[in-house]
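Here are the chains, one letter per residue:
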Amino acid sequence: MTEDTQQVQYKVGGMACSFCATSITKGLARMPGIINASVSLAHEEALIEFNPKILTDDLIRQTLLDLGYTIRDPRRVKAYEEQQKEIDWERRRLWIAGTMTALSLILMSVLWLHLVSLNIIRPFMTIVMPLFALITILDPGYYILKMAWHSLKRGILNQHVLLEFGAFSGFLGGILGLIGHATHIPALEFPAPDFFAVATFITTYHILSGYASLLVRTKASRSVMKLLELQPAMATVIRNGLEQPVPIDDIAVGEIIRIRPGEAIPLDGRVIDGSSTVNESLVTGESLPVDKTVGTEVIGGSLNLTGSLMVLVTRVGEESFLQQIAHQIEEARAKKPGILQLVDRVLAVYVPGVLAAAALAILIWTLGDYMVSGHMDITRGIFAMLAVFVMGYPCALGMATPLAMIRGGGMAAEHGILIRGGEAFQVLKDIQWVALDKTGTLTEGRPSVTQVIPLEGTSEPYLLKIAAIAENPSEHPLSRAVVQYAEQEGLDIPTVDDFQSFPGKGLQATWEGRHLKVGSPRFLEDEGIKLDGHESQIKSLQAQGNTVVGVAENDTLLGFIAIADTIKPDALEAVNHLKKLGIKPIMLTGDNQYTARAVAQAVGINDFRAEILPSEKAHAVRELQQFGHRVMMVGDGINDAPALTQADVGVAIGAGTDIAMESADVIIMGDRLSAVPQAIMIGRNSYHKTVQNIALAFSFNGIGIPLAMTGLIGPSWAMLAMVMSVSTVLINSFLGGKLSPPSQHLISSVTSYPIKAKG
């Protein structure tokens, strides 16, 4: 970022499809001073780089508003509230437009079926039908008119422009019909009620399509909101010798905060008093907890586990770890490949195609007719042009993707999967690589005992019991893992007489006169306990991703206990299922090489990268994308957020952090990795349903437009065709076989697999 470049990010409301995102991008690109504009429909955001010497933030904001979109409050709670207001407003629009359409259809039915004398019904319809059309176009449909006008001014041809051509063609045809009947000019005696009804009808369907799309996105957002902690972030600050809760944004460098057991560490800092164990896996990817004592650094976003800490704040604002992650997320979003949905690729050709067909229709019956017969049939040319606009509006095409999304979203929800937008449905079918985080994604994210290794003369139960007795008073996660394993084995764990902990090393205790020591091999050696002959065994266990704990009684080594972050029950089978779908897995982790290799081998992943930073995860995803691959990223931690954003589809495990979930396109409720291949299968199914819907929609529009060009198809037939096409698409979307339940081979036993290296 240079002095001539400034970046601004907006939460944008009112986008219904990726064509809206394209329209915003084009509209901004036409402004002098815009360097780059990246718009995400799934996250409803626009990230814009511009030259502040040429352009201002206010002008960019006004352009977005002129295009018919809204700018939401960047604060998460407010954004959800505004989204709810949008739904309420769209529902009001739909209710008014639906009422006008229903009344129009009732009157048209009376006219068509001759239920009332034509001399009575026609004068009445002459007044109310244009009124219904005007109300629909100018009240609930006004926002469409505004969007179409500003798009057209910027040379953008989109679905809003096509809608208004169709709606105003219907209204104009109705007006000409009224004039023709009033003046008895045969050339202008168009079927006025039919034209007015179609103007009302197509505007209503456009509103319905936008409402359906908004519901799909909002339903997922509401579910996400329930998963997130919406309370303001607070921290306990010591000021004037008193502890007081203070919003994180109000804390300055140099202040002292207290962090109690179980609390998240709010800011980066240095420990000045106390000792504890901290789980940093969500921010660093390291699976095992880290001991913190006076002088050590702590990272905002990690979780304090066992002791109370007094921390001197060293970084806030732009310098903090979380802010750096936020910048990396913005960078990833800006560099994320664009996704233009199938229906919008079709519309990009279809909209100018309809406009060209309308122009051709009037040319055929004017210049073409003159060249053949020597006279021009202007009336028929106007009628044909209006009919093309009316017949050309793709109501069913506009519903094709939202209906398929609703169906696919319902199927996904049945399997505990939340899909947040149409872009994810569009690209799931194309996924070629799945990048998987390790800690909390492939693994449980907590330490467990994997092996108990007694030395000669010691039994396994006795070794485990001695270790558990010594570890029982400790709250250290490794100690709790040993104690829980002993309890599962049914061992009795008596209380010790004396206990002393050495943070980062080990502990010692006295029980029935026996002196017990448990800790790292180095700790035991420092205590004078010899490990001669066991070094190779210790290194072998560590190479398999284990933390090795030695156990001694009265200065005699009894054996070792291996502790590791265990693999999730369904991880191996989920990875195998991905391979069967033709998808290549790769593991990205901040953990060390030994642990990463062991986990990768255990779940059948050949390609992995270890000890990488959050930005490097996003870069690894970007590298795959640069080769033309579509990439899915699966993670649960803060350190995964940039990669989740960069990926074509980001998948967050629902038990993970709110930052990860906010960055993702798909959210899996709970810890089921088997839901990842399920989501891909649902995406493929939904895409095929979209293709079917588009084919059905075009079967009506493709036939109707050429017929309309002849001037033989009136607007009533166009309205009937729209009803039939939308009904067909609706039936196709919700009928047919559902996705089969998850196969039994994806549902594993509840026993975790210990991490063991192959060979």
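Anything mentioned here points back to the structure above.
Residues numbered from 1 in each chain as written. Predicted model: local features only at pLDDT ≥ 70, side-chain atom pairs only at ≥ 80, totals over all residues. Heavy atoms only, no water.

The secondary structure content of the protein chain amounts to 25 helices and 26 strands. Split into buried and exposed, the 759 residues of the protein chain put 54% on the buried side. Of all intrachain contacts in the protein chain linking residues separated by at least 6 positions in sequence, the fraction that spans at least 24 positions is 71%. Summed over all atoms, the accessible surface of the protein chain reaches about 31600 Å², with 58% contributed by carbon and sulfur. (Helix = DSSP H or I, 4+ residues; strand = E, 2+ residues; numbered from the N terminus. Buried < 20%, exposed > 50% of the residue type's maximum accessible area, 1.4 Å probe, protein only. Contact = heavy atoms within 4.5 Å. Areas by Shrake-Rupley, 256 points an atom, 1.4 Å probe, with all protein chains shown as cover.)

For the rest of this paragraph, the subject is the side chain of Thr 439. With respect to the helices and strands, Thr 439 occurs in helix 14 (residues 438-442). Residue class for Thr 439 comes out buried when judged on its relative accessible area of 4%. Reaching out from Thr 439, the side chain makes a polar contact with the side chain of Lys 438 at a distance of 3.0 Å. (Polar contact = N/O pair within 3.5 Å; in protein donor to acceptor, adjacent residues only side chain to side chain.)

With that settled, consider the environment of Asp 555. With respect to the element layout, Asp 555 can be found in the loop between strand 20 (547-553) and strand 21 (556-567). On the accessibility criterion, Asp 555 (47% relative accessible area) is partly exposed. Through-space distance from the C-alpha of Asp 555 to that of Glu 527 is 8.2 Å; in sequence the pair is 28 residues apart. Among all residues touching Asp 555, those that are not within four sequence positions of it are Lys 517 and Ile 529. In this structure the side chain of Asp 555 is engaged in a polar contact, spanning 3.4 Å, whose partner is the side chain of Lys 517.

All right, on to the sheet that holds strand 9 (residues 276-279) then. Read across the open sheet, the 3 strands follow the order 10-9-12; overall the sheet is antiparallel. Looking at the sheet topology across the chains shown, the edges are occupied by strand 10 (290-292) and strand 12 (303-304). Relative to strand 12, strand 9 is paired through 2 bridges, and the arrangement is antiparallel. Bridge pairing links Val 278 to Asn 304 in strand 12. (Pairing = 2+ DSSP bridges.)

Two measures define how a pair of helices packs: the angle their axes make with one another and the distance between the axes. Where helix 6 (residues 159-183) meets helix 11 (residues 378-392), the axes come as close as 8 Å, and the angle between the chain directions of the two elements is 140°. Considered as vectors, helix 6 and helix 11 are oriented oblique to each other. When the axes of helix 6 and helix 11 are compared, the crossing they make is left-handed. When helix 6 is examined against helix 11, the residues Leu 162, Phe 165, Gly 166, Ser 169, Gly 170, Leu 172, Gly 173 and Leu 176 are found in contact with a partner set consisting of Ile 382, Leu 386, Phe 389, Val 390 and Gly 392. (Axes fitted to C-alpha atoms, helices over the stretch in contact; angles between N-to-C directions. Parallel < 35°, antiparallel > 145°, perpendicular 65-115°, else oblique. Left-handed = near helix turned anticlockwise from the far one by under 90°.)

Most of strand 3 (residues 45-50) sits out of view: 5 of its 6 residues are buried. As judged from the 6 bridges shared by strand 1 (residues 6-13) and strand 3, these two strands associate in the antiparallel manner. Each residue of the ladder has a partner; that of Lys 11, found in strand 3, is Glu 45. Summarising the sheet, strand 2 (residues 34-40) and strand 3 pair through 6 bridges and their orientation is antiparallel. Counted as the bridge partner of Ser 38 is Leu 47 from strand 3.

Residues Glu 525, Asp 526, Asp 532 and Glu 535 make up a contiguous surface patch of negative charge. Mapped onto the fold, Asp 532 is located in the loop between helix 17 (521-526) and helix 18 (535-543). (Patch = residues over 30% accessible without salt bridge, like charges linked within 9 Å, V, L, I, M, F, W, Y side chains within 5 Å. Salt bridge = Lys/Arg side-chain N within 4 Å of Asp/Glu carboxyl O. Lys, Arg positive; Asp, Glu negative; His and termini not counted. Charge placed at Lys NZ, Arg CZ, Asp CG, Glu CD.)

Right, let's talk about the side chain of Gln 625 for a bit. Of note, Gln 625 is situated in helix 21 (residues 614-626). Residue Gln 625 is classed as buried on the basis of its relative accessible area of 11%. Within the structure, Gln 625 has its side chain in polar contact with the side chain of Asp 648 (distance 3.2 Å).

Turning next to the nonpolar core. Core analysis: the largest hydrophobic core is formed by 80 residues, its most contacted members being Ile 48, Ile 60, Met 129 and Val 388. When residues in this core are grouped by element, the largest group, 12 residues, is from helix 7 (residues 192-227). If you look at the next biggest cluster of nonpolar residues, it comprises 38 residues, including Met 405, Ile 419, Leu 578 and Ala 675. (Core = buried A, V, L, I, M, F, W, Y, C linked by side-chain atoms within 4.5 Å.)

Judged by pairing direction, the sheet is mixed, and its 7 strands sit side by side in the order 14-26-25-24-15-22-23 without closing on themselves. Both edges of this open sheet fall to strand 14 (417-419) and strand 23 (607-609), since each of them pairs with a single strand only. Each strand of the sheet is rotated relative to its neighbour by a mean of 20°, with strand direction disregarded. Summarising the sheet, strand 14 and strand 26 (residues 666-668) pair through 3 bridges and their orientation is antiparallel. Within strand 26, the residue paired with Ile 417 across the bridge is Ile 668. Across the face of the sheet, helix 21 comes into contact with strand 15 (433-437), strand 22 (584-588), strand 23 and strand 24 (631-635) while running at roughly 155° to strand 22.

This part covers a nonpolar patch on the surface. Side chains of Leu 360, Leu 363, Ile 364, Leu 367, Tyr 370, Met 371, Val 372, Met 376 and Ile 378 sit close together on the surface and give an oily, nonpolar patch of about 950 Å² of accessible area. Sort the elements by how many residues they give to the nonpolar patch and helix 10 (residues 342-373) lands first, with 7 residues. Looking at the element boundaries, Leu 360 is found in helix 10.

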